[in-house]
Amino acid sequence: MKLFGTIYDTMMAWAAHRFAALGLSFISFIEAIFFPIPPDVMLIPMSMRKPHLATRYAFYTTFASVLGGIVGYGLGFFAVDWVKSMVLDWGMQAQFDEAQMWFETWGVAVVFLAGFSPIPFKVFTLCAGVMQMVFWPFVATAAISRFARFILVAKLSAWGGSKYAEKIRRSIELIGWGTVAVAVVAYLIYTLYK
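Residues numbered from 1 in each chain as written. Predicted model: local features only at pLDDT ≥ 70, side-chain atom pairs only at ≥ 80, totals over all residues. Heavy atoms only, no water.

An unreviewed UniProt entry lists the protein chain under the name Membrane protein YqaA with SNARE-associated domain, from Nicoletella semolina.

Here you go:
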């Protein structure tokens, strides 16, 4: 089944669209609140297509993600019961509980780790609001961590640039299904030994 090739081609086509930067910002914003797909799926092909704009794309992604994080924080802060039921409906209760435990242990420093964590960023933004973290340290830490992640992704993608785009395209099915296999094995190991 050639699933990942189609996705790759679609993302590369979207990356070339004249409103790609707006789409990237929108995905970054809603991903920090509820959207399941990270902005990297747009940031990578956009940075590959236009390496000279990679830093700008990283700034757009960061700014929109932090704004979305502020909305997520506000939802957690002002609508605690609704957020808890929403997290349960999304099937993310385990991640939410883990994020709460990390907040209790590490405080605002966990927001920095959230930028690089496999747990979706939205879990941390909502959880920070539910736990009523101090607002400005949350925003500052989110901005630093998100920028560190997105500039790294953008610069690595720009470095590879279009010369690697075709190489990646030829191997995308192997890369995609290999990633799925690794994720499934990691999940099974995690559930067996937690």
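Here the narrative resumes, following the displayed structure.
Caption draft 1: Region of interest: a nonpolar patch on the surface. A surface patch of nonpolar side chains, amounting to about 1,100 Å² of accessible area, comprises L3, I7, W177, V180, V184, V185, Y187, L188, I189, L192 and Y193. Of all the secondary-structure elements, those providing two or more residues to the nonpolar patch are α1 (3-15) and α9 (135-193). With nine residues, the single largest contributor to the nonpolar patch is α9. One can find I189 in helix α9. Residue I189 is classed as partly exposed on the basis of its relative accessible area of 45%. (Patch = residues over 30% accessible without salt bridge, like charges linked within 9 Å, V, L, I, M, F, W, Y side chains within 5 Å. Areas by Shrake-Rupley, 256 points an atom, 1.4 Å probe, with all protein chains shown as cover. Salt bridge = Lys/Arg side-chain N within 4 Å of Asp/Glu carboxyl O. Helix = DSSP H or I, 4+ residues; strand = E, 2+ residues; numbered from the N terminus. Buried < 20%, exposed > 50% of the residue type's maximum accessible area, 1.4 Å probe, protein only.)

Caption draft 2: Looking closely at α1. For α1, built from 13 residues, the straight-helix expectation of 18 Å at 1.5 Å per residue is met to within 8% by its first-to-last C-alpha distance of 19 Å. Listed as buried for α1 are F4, G5, Y8, M11, M12 and A15. Angular distribution of buried residues about the axis of α1 spans 130°; they occupy a single face of the element. (Expected span 1.5 Å × (residues − 1). Arc of directions from axis to C-beta.)

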